[in-house]
Amino acid sequence: MANLKNLSKKSKSQSMGMHTEVLKGRTQQRFFDSEESENFYYFGNYDVDFNKRIELDVKNMEAPQANKKIDELMSQGYGTIVIKNPQGKHSLGVGILNKLNLIFEGSLGYFGVGSCDGPNVRITGRVGWSCAQNLMAGKVVVEKNAGSSFGAAIRGGDLICKGSVGARTGIDMKGGTIIVGGDAGAFTGFMMQRGRIIVLGDVGINLGDSMYDGTIFIGGKIGSFGSDAIEAELTSIDKEWLKRKLKVAEIGENFDVNKIKKIVAGKKLWNYDNLEPTEKKGAI
Amino acid sequence: MAKKKTKKIKEKKVKLGKSKETAREKMIGQHIGYRYDVNLLPDYKKITPFLKKYVEYMGWDDLNWLEDVHMGYEENRPAVFCRNANGWVTIPKKIKLPENQQDRDMIARELLVKFQMSPRHPLVDLKKAYKKS
């Protein structure tokens, strides 16, 4: 059912020419000066101060109400927000496109801190399915275990779970780094297209199934490889990067990186539709 | 000469799907795949003062999302891909690019941050049009 509010929004974008503009076959030209004033946050976002700290008890709040309150506090310049009593609520701390120190004292439910771009988040408890899905930038640290689809479709940033994670970790990821201190379930790195996954423990079956690109590093045992996932040589650059990244992740600083196995895409599935039937057989 | 020809044929057989890719590229007139190493890890010795400041401002320990940013090519011109605008940002001609890919990547990262934070970024218009009040 259409309502007046929706109609007014449509007319605003239409009046800006966004519905009549022909985009097909043309290059949009936007000129900006690469030496224009230094600005480190998106235009129209809040310049917050990490030293300005506040606590927010969300015990009696619904998730949308709590998320709106976080936005309000950022608009007042608070750069460190401590969330008390999250009590496993779903969709908490989503859509934050700002620099921020966000601390959850407790556990989160499904889709926690989804679609974020920039914040440093620490969750002292556990998280449910699809934590930090579509993360664009920032750092998310989960102190305990995480559910399935951890870091689904992330595009950037560091996502760290100090405990173990469920199945399909990093499914469809297009960038960024996922670091797991414990074990990971089946189909880790399923259909990943770019980015890096580090698992210090064991992984389940079908590791890196149908991966297009990207790199997976495994410290423990591998249940089985998925289609088109192959082992590659661990280079000195990889080892150096792993040491540095594990330090950032606050886990496995003393882990012997020489034991880590590197898994990449065999790239036999690239342009699969164009392969001959015999080639298709060999690719899967 | 004849020997060289046979060698080429052998290579095509080994690289699965390579000949098909070329045929498809000819058909659509575009290159498929990357022209640069998307998995190249950054060399932190090459970090620029601007990027150092940006990382410090955001409270990160390293380049974070910028580790995935590389200098690529669009219509044979050096360019960096902006995921927010879903398009390539071509590098101004006045910027002289070094030969080393690591140095080029750092320039690409710096330019991309400046573009994304600029009031002239396409997202600013989209935000005006669609942001919930």
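See the structure shown above.
Reference entry: report on the structure contained in this document.

Calculation rules
Residues numbered from 1 in each chain as written. Chains lettered and ligands numbered in written order. Predicted model: local features only at pLDDT ≥ 70, side-chain atom pairs only at ≥ 80, totals over all residues. Helix = DSSP H or I, 4+ residues; strand = E, 2+ residues; numbered from the N terminus. Buried ≥ 20, exposed ≤ 12 C-beta atoms within 10 Å, placed from the backbone. Contact = placed C-beta atoms within 7 Å. Expected span 1.5 Å × (residues − 1). Pairing = 2+ DSSP bridges. Axes fitted to C-alpha atoms, helices over the stretch in contact; angles between N-to-C directions. Nonpolar A, V, L, I, M, F, W, Y, C, P; charged D, E, K, R; others polar. Parallel < 35°, antiparallel > 145°, perpendicular 65-115°, else oblique. Left-handed = near helix turned anticlockwise from the far one by under 90°.

1. Digging into the overall build of chain A
Then step 1. Within chain A, the regular secondary structure consists of 4 helices and 11 strands.
Then step 2. The buried share among the 284 residues of chain A stands at 42%.
Then step 3. When contacts within chain A are restricted to residue pairs at least 6 apart in sequence, long-range pairs at least 24 apart make up 28% of them.

2. Examining unusual backbone geometry
Excluding glycine, residues mostly carry a negative phi; peptide bonds, for their part, are mostly trans.
Residues and elements named next belong to chain A.
Then step 1. One non-glycine residue, Asn85, lies in the positive phi region at around 50°.
Then step 2. Mapped onto the elements of the fold, Asn85 is located in the loop between β2 (78-84) and β3 (101-105).
Then step 3. Taking the C-beta count within 10 Å as the criterion, Asn85 has 14 such neighbours and is therefore assigned partly exposed.
Then step 4. A positive phi is found at Asp228, a non-glycine position, where the angle reads about 70°.
Then step 5. With respect to the helices and strands, Asp228 occurs in the loop between β9 (215-218) and β10 (229-232).
Then step 6. Residue classification places Asp228 among the buried positions, given that 20 C-beta atoms sit within 10 Å.

3. Digging into helix α4 (residues 101-116) of chain B
Then step 1. Over its 16 residues, α4(B) extends 22 Å from the first C-alpha to the last, a length consistent with the 22 Å expected when each residue adds 1.5 Å.
Then step 2. Of all the positions in α4(B), only B:Arg104, B:Asp105, B:Met106, B:Ile107, B:Ala108, B:Arg109, B:Glu110, B:Leu111, B:Leu112, B:Lys114 and B:Phe115 are classed as buried.

4. Some remarks on the sheet that holds strand β3 (residues 87-90) of chain B
The strands that make up a sheet are held in pairs by hydrogen bonds between backbone atoms, and each pair lies either parallel or antiparallel.
Residue and element names in this part refer to chain B.
Then step 1. Across the sheet, 3 strands lie side by side as β1-β2-β3; this open sheet has antiparallel pairing. With one partner strand each, in any of the chains shown, β1 (72-74) and β3 form the two edges of the open sheet. Between one strand and the next, the sheet's axes are offset by a mean angle of 60°, whatever the strand orientation.
Then step 2. For strand β2 (residues 77-82) and β3, the ladder comprises 4 bridges, and the chain directions are antiparallel.

5. Some words on the pairing of β2(A)
Residues and elements named next belong to chain A.
Then step 1. Pairing geometry for strand β1 (residues 49-57) and β2, over 6 bridges, is parallel. Directly across from Asp49, in β2, lies its bridge partner Tyr78.
Then step 2. Direction of pairing for β2 relative to β3: parallel, over a ladder of 5 bridges. Residue Thr80 lies in a different strand from β3, and its bridge partner there is Asn101.

6. A closer look at the environment of B:Arg77
Then step 1. Tracing the chain through its elements places B:Arg77 in strand β2.
Then step 2. Here the alpha-carbon distance between B:Arg77 and B:Leu63, two residues 14 residues apart in the chain, equals 25 Å.

7. Description of the interface of chain B and chain A
Then step 1. Between chain B and chain A, the contact holds 37 residues from the first and 45 residues from the second.
Then step 2. Put simply, the parts of the chain that give the side of chain B that touches chain A at least two residues each are α2 (18-28), α3 (49-58), α4 and α5 (122-130) of chain B.
Then step 3. Examining the composition of the side of chain B that touches chain A, we find that 6 residues originate from one element, α5(B), more than from any other.
Then step 4. When grouped by side-chain class, the residues that make up the side of chain B that touches chain A number 18 nonpolar, 8 polar and 11 charged.

8. Describing the sheet that holds β9(A)
All names here are of chain A.
Then step 1. As summarised here, the arrangement of the 11 strands in space is β1-β2-β3-β4-β5-β6-β7-β8-β9-β11-β10, forming an open sheet in which the pairing is mixed. Whereas interior strands pair on both sides, the edge strands pair on one side only; in this sheet they are β1 and β10. On average, each strand axis in the sheet is inclined to that of its neighbour by 15°, with strand direction left out of account.
Then step 2. Direction of pairing for β3 relative to strand β4 (residues 117-123): parallel, over a ladder of 4 bridges. Along β4, the bridge assignment pairs Phe104 with Ile123.

9. Re the environment of A:Ser236
Then step 1. Among the structural elements, A:Ser236 can be located in helix α3 (residues 236-248).
Then step 2. Remark: the alpha-carbon pair of A:Ser236 and A:Asn258, spanning 22 residues in sequence, is separated by 9.6 Å.

10. Digging into the packing of α3(B) against α4(B)
Residue and element names in this part refer to chain B.
Then step 1. For the pair α3 and α4, the least separation of the axes is 9 Å and the interaxial angle reads 55°. Taken together, the axes of α3 and α4 lie oblique to each other. Between α3 and α4 lies a crossing of left-handed hand. Across the interface between the two elements, Phe50, Leu51 and Tyr54 from α3 touch Met106, Arg109, Glu110 and Val113 from α4.
Then step 2. A class-by-class count of the residues in the contact of α3 with α4 yields 5 nonpolar, no polar and 2 charged.

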